[in-house]
Amino acid sequence: MSFFKKIKEKLTGTSESVSVSEKFKDGLSKTRNQFTSKVNDLVAKYRKVDEDFFEELEDLLLQADVGFETVVELMDLLRFEVQRKNIKDTAGIQSVISEKLVEIYESGDNSSNELLVQDAGLTVILFVGVNGVGKTTTIGKLAHRLKGQGRKVMLAAGDTFRAGAIDQLQVWGDRVGVEVIKQSEGSDPAAVMYDAVRAAKNRGVDVLICDTAGRLQNKVNLMNELQKVHRVIEREVPGAPHEVLLALDATTGQNALIQAQSFKEATNVTGIVLTKLDGTAKGGIVLAIRNKLKIPVKFVGLGEKMDDLQPFDTDKYVYGLFADGLEQEDKNELN
Amino acid sequence: MAFEGLAERLQGTIQRIKGKGKVSEADVKEMMRDVRRALIEADVNLKVVKDFVKVVSERAVGVDVMKSLTPGQQVIKIVKEELTVLMGGEQSPIQFAKKPPTVIMMVGLQGAGKTTTTGKLANILRKKYNRNPLLVAADIYRPAAIQQLQTIGKQLSLPVFSLGTDVSPVEIVRQALEQSKVDHNDVVIIDTAGRLHIDEKLMQELKDIRALKEPDEVFLVVDAMTGQDAVNVAQSFDETVGITGVVLTKLDGDTRGGAALSIRSIAQKPIKFVGMGEKMDALEPFHPERMASRILGMGDMMSLIEKAQANVDEEKAKELEEKFRTQSFTFDDFIDQMNQVKQMGPLEDIIKMLPGAGKIKGLENAKVDEKQMGRVEAIIYAMTPQEKTTPDIINSSRKKRIAKGSGTSIQDVNRLLKQFEDMKKMMKQMTNMQQKGKKKMKMPGLNSLFK
């Protein structure tokens, strides 16, 4: 069974997943159109799979911020596969490309894309990341999502540094209709977390989502502060935080890898939310992050509305990037 | 997992070339592969990289590299020169309107740092240019964006114009411009909402604001960490709104910042400021050369100098200089100086900042001998006050006593005395040189600390 069929089956298996994939496709359409049209151009331009073809494909991926090392690795895999399967012309190569991309992304690591929410008791989710990546907005969207699943959600305004950050989270809290635990600007974020965890326990909250101030990963003091926040949560709720989500701006280039590494060292990041994927940026660096640091992407942000947060699905992500190409291949095969 | 800089990348190739008599065209080609990779890993847009490599190759294949004794260095030099040229050009200050108010629009993607930069810019305009700016809260979309600007305004004691979130940004700006005339604000800075460059509706809104009164500056605020997409962003904003300059934010992070080069060469607009921190005075003018070094990962001499400046007591430094000149430098001063250097942090970190430190043979693993520093300290502390000021009186029996007192050997004492003499000589030469007009920061005596 060819790759696209597997994906199609997955996507059309239930009606719900279709609508989700439509949404995903919508948000990614700009990205995808640009990318797949390029892939199609490429396929049309080079009928044969030769060095020129590989070179142009390489350029295409580099421009998606996939990064030098990963691209080189992918090209090696592809060359090998093309030789092994004796692929001569470019029709049909798309599925091989996407298969290999998924392979690199997962690379034998089976950590889940799913958000870990405890069946019973309090689940604490900590958000971390550099400045301006969309932590607070994502928290609002995630709160909406979890509330929609019938859970009792509470937010902790741990960004006591940036002007207006507490107000921003409060607006989201009001919008979604969940309680926000906050102190005044400039107070100790660890103290806010302590309060919030206590309040969450007392009020029988299912999920506590903690906001933190954006910080550049090379600021040692601020990273120490984050560790302290982490420690306080850990002490108050054994096993918490159950998820530490790194918000990552899809427009970020190769520095994202260093971000992921530093935040992982400080707070043991368990997943990534790839934000602002509704722009033209592709966020290709997540491939390298998963491959090297074993941190999976759990959600993608596709806009500023409350329901613009979607769970990440590797196949769908790749499908989103290659949809047009795959559909074309589908027709060809039927003929 | 930081990426290797260009200098390290070129190491291998240079090593191979070193053994050969000549540098072939193939060698240059190989070096250019390293250059290409270094630039891509620094997030320079691929198209820009390609054009750049072509230009540099043409120059490198020419005479200067082939005849050069150190081709690697020569290539790096050419690369850096070209990069600086591409990025630099004239440093244009802010354009002010002939007839006030001067209107400055801040535009960019979400989360680039527009609101923070608006505050910083207003702060500079008031402090350095003696202006009276009005901040306009035109971001009605992001929750609490207005509060953010108001908080910043309060911090800086600057007026913020806002009409809440129910009035259209165009109307807000229109009324703000009128207000500025009433209040005699000679600069109006408009903080617009972050938007995607492909969001037609919101891009139209920027055009409409622009149409109210031709702004004197439209600054595109760009996150220094932006990857390949920087080119699309700059191009779209320039085409639809028309930008006059760029502010690169979050440069106090550890990103290489290749986006700067991409934007510069695609949009052909100058980078006017860089954001270096979250404090309100952390906005600095752009330095093309520093940026070139940074993109290439070549060590940052300027940061080193700044670090030194931050830690070295200005008064003490002047005193010391005077002592150099008058040759009245003593062992007490020597200790003082050593302590100042120590304050700058672990010496290994400082050495890493020196450009080309990785290239100097033996230095890559030459751990600075902090123990040696301790020994030097011990020897000096074992001297009498008189010996410290006039080391000439130290004879062999004094040497014996000093060695015993400091737990070192006579040879160690001798070595230090000789170094001290050499240093004094060197200082004399240096101070003479400086007086001829060469102003350079020197750290004499550091040499003696390397094994």
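Here the structure is shown first, and the text comes after it.
A brief report on the enclosed structure follows. (Residues numbered from 1 in each chain as written. Chains lettered and ligands numbered in written order. Predicted model: local features only at pLDDT ≥ 70, side-chain atom pairs only at ≥ 80, totals over all residues. Heavy atoms only, no water.)

### Quick notes on the overall build of chain B
So, point 1. Of regular secondary structure, chain B possesses 20 helices and 8 strands.
So, point 2. Counting over 451 residues, chain B shows a buried share of 52%.
So, point 3. In chain B, once contacts between residues fewer than 6 apart in sequence are set aside, the share between residues at least 24 apart is 74%.
So, point 4. Per element, the accessible surface of chain B, about 21400 Å² overall, is 52% carbon and sulfur. (Helix = DSSP H or I, 4+ residues; strand = E, 2+ residues; numbered from the N terminus. Buried < 20%, exposed > 50% of the residue type's maximum accessible area, 1.4 Å probe, protein only. Contact = heavy atoms within 4.5 Å. Areas by Shrake-Rupley, 256 points an atom, 1.4 Å probe, with all protein chains shown as cover.)

### With respect to the overall build of chain A
So, point 1. Tallying secondary structure elements over chain A gives 12 helices and 8 strands in all.
So, point 2. Across the 335 residues that make up chain A, the buried fraction comes to 61%.
So, point 3. For chain A, the proportion of contacts with a sequence separation of at least 24, taken over those separated by at least 6, is 77%.
So, point 4. Total accessible area on chain A stands at roughly 13200 Å², and carbon and sulfur atoms take up 47% of it.

### Looking at unusual backbone geometry
So, point 1. At the junction of A:Ala240 and A:Pro241, the peptide bond is cis and its omega measures out at -10° in the coordinates.
So, point 2. Within the secondary structure layout, A:Pro241 lies in the loop between α9 (220-236) and β5 (243-249).
So, point 3. A cis amide bond, omega 5°, links B:Pro100 with the succeeding residue B:Pro101.
So, point 4. Relative to the elements of secondary structure, B:Pro101 occurs in the loop between α5 (71-87) and β1 (102-107).
So, point 5. Phi at A:Asn86 is positive, roughly 55°, even though this residue is not glycine.
So, point 6. Looking at the element boundaries, A:Asn86 is found in the loop between α4 (68-84) and α5 (93-106).
So, point 7. For B:His184, which is not glycine, the phi torsion reads 55° and is therefore positive.
So, point 8. For B:His184, the position within the fold is in the loop between α8 (169-183) and β4 (187-192).
So, point 9. On the basis of relative accessible area, B:His184 is assigned to the exposed category, the value being 63%.

### Regarding the packing of aromatic side chains
Residue and element names in this part refer to chain B.
So, point 1. By the definition in use, this model includes 7 aromatic pairs over all chains.
So, point 2. With 6.2 Å between their ring centres and 65° between their planes, Phe-331 and Phe-334 make a pair best called edge-to-face. Of this pair, Phe-331 and Phe-334 both sit in helix α15 (residues 331-343), 3 residues apart, roughly one helical turn.
So, point 3. Owing to a relative accessible area of 6%, Phe-334 belongs among the buried residues under this scheme. (Phe/Tyr/Trp six-rings, centres within 6.5 Å; stacked < 30°, edge-to-face > 60°.)

### Observations regarding the sheet that holds strand β6 (residues 271-275) of chain A
Residue and element names in this part refer to chain A.
So, point 1. An order of β3-β2-β4-β1-β5-β6-β7-β8 is seen for the 8 strands of this open sheet, with the pairing classed as mixed. The open sheet is flanked by β3 (179-181) and β8 (309-311), the only strands paired with a single partner. Averaged over neighbouring strand pairs, the angle between their axes works out to 25° when direction is ignored.
So, point 2. Sheet topology note: the β5/β6 ladder contains 5 bridges and is parallel. Within the sheet, the bridge partner assigned to Ala-247 lies in β6 and is Val-273.
So, point 3. Strands β1 (123-128), β2 (153-158), β4 (207-212), β5, β6, β7 (297-301) and β8 of the sheet are contacted by helix α6 (residues 135-148), whose axis makes an angle of about 175° with β4.
So, point 4. The strands touched by helix α7 (residues 165-176) within the sheet are β2, β3 and β4, with β2 carrying the most contacts at an inclination of about 170°. (Pairing = 2+ DSSP bridges. Axes fitted to C-alpha atoms, helices over the stretch in contact; angles between N-to-C directions.)

### Examining the sheet that holds strand β6 (residues 245-249) of chain B
All names here are of chain B.
So, point 1. Pairing within the open sheet is mixed, and its 8 strands lie in the order β3-β2-β4-β1-β5-β6-β7-β8. Each edge of the sheet is formed by a strand with only one pairing partner; in this case those strands are β3 (160-161) and β8 (283-285).
So, point 2. Across 3 bridges, the pairing between β6 and strand β7 (residues 271-275) is parallel. Its bridge partner lying in β7, Val-246 is registered against Ile-271.
So, point 3. The sheet contacts of helix α6 (residues 114-127) involve β1, β2 (133-138), β4, β5 (217-223), β6, β7 and β8, and relative to β4 the element is tilted by about 170°.

### Quick look at α6(A)
So, point 1. Under the 1.5 Å per step criterion, the end-to-end length of α6(A) is 20 Å for 14 residues, consistent within 8% with the ideal 20 Å.
So, point 2. Where α6(A) terminates, the next one or two residues include A:Gly150, which has phi positive at roughly 85°. (Expected span 1.5 Å × (residues − 1).)

### Observations concerning helix α11 (residues 285-293) of chain A
So, point 1. Across the 9 residues that make up α11(A), a large majority, 8, are buried.
So, point 2. A:Lys294 lies just past α11(A) and shows a positive phi near 60°.

### As for the side chain of B:Lys114
All names here are of chain B.
So, point 1. With respect to the helices and strands, the residue Lys-114 is situated in helix α6.
So, point 2. No salt bridge is formed by the buried Lys-114; its nearest oppositely charged neighbour, Asp-191, is found at 6.0 Å.
So, point 3. Reaching out from Lys-114, the side chain makes a polar contact with the backbone oxygen of Leu-109 at a distance of 2.7 Å.
So, point 4. Those residues within four positions of Lys-114 in sequence are excluded, and the remaining contacts are Met-106, Val-107, Gly-108, Leu-109, Asp-191, Thr-192, Ala-193, Gly-194 and Val-221. (Lys, Arg positive; Asp, Glu negative; His and termini not counted. Salt bridge = Lys/Arg side-chain N within 4 Å of Asp/Glu carboxyl O. Polar contact = N/O pair within 3.5 Å; in protein donor to acceptor, adjacent residues only side chain to side chain.)

### Things to note about the side chain of B:Asp191
Residues and elements named next belong to chain B.
So, point 1. For Asp-191, the location among the structural elements is in strand β4.
So, point 2. Within the local environment of Asp-191, its side chain forms a polar contact with the side chain of Thr-115, the two groups lying 2.9 Å apart.
So, point 3. When neighbours within four sequence positions are excluded, Asp-191 is seen to be in contact with Lys-114, Thr-115, Thr-118, Val-136, Ala-137, Ala-138, Asp-139 and Leu-149.

### Here's the deal with the nonpolar core
So, point 1. Counting 141 residues, the largest nonpolar core has A:Leu208, A:Ile289 and B:Phe237 as its most contacted members.
So, point 2. Ranked by residues supplied to this core, first place goes to helix α3 (residues 46-61) of chain B with 7 residues.
So, point 3. Not counting residues within four places of it along the chain, the set of residues in contact with A:Leu208 comprises A:Leu122, A:Thr123, A:Val124, A:Ile125, A:Met154, A:Leu155, A:Ala156, A:Ala196, A:Val197 and A:Ala200.
So, point 4. Counting 24 residues, the second-largest nonpolar core is a separate cluster that includes B:Ile94, B:Ile146, B:Leu158 and B:Met280. (Core = buried A, V, L, I, M, F, W, Y, C linked by side-chain atoms within 4.5 Å.)

### Let's talk about the environment of A:Gln254
All names here are of chain A.
So, point 1. As for its position among the elements, Gln-254 is in the loop between β5 and α10 (255-267).
So, point 2. A relative accessible area of 6% means that Gln-254 is categorised as buried.
So, point 3. Sequence separation between Gln-254 and Ile-285 is 31 residues, and the spatial gap between their C-alpha atoms is 6.6 Å.

### Observations regarding the pairing of β4(A)
Residues and elements named next belong to chain A.
So, point 1. In terms of burial, β4 is a largely internal element, 6 of the 6 residues being buried.
So, point 2. Burial of β4 is two-sided: the residues Val-207, Ile-209 and Asp-211 facing one way and the residues Leu-208, Cys-210 and Thr-212 facing the other way are all buried.
So, point 3. Note: β2 against β4, 6 bridges, orientation parallel. Paired with Ala-157 across the strands is Asp-211, a residue of β4.

Such coordinate-based values are descriptive only and should not be taken to indicate function.
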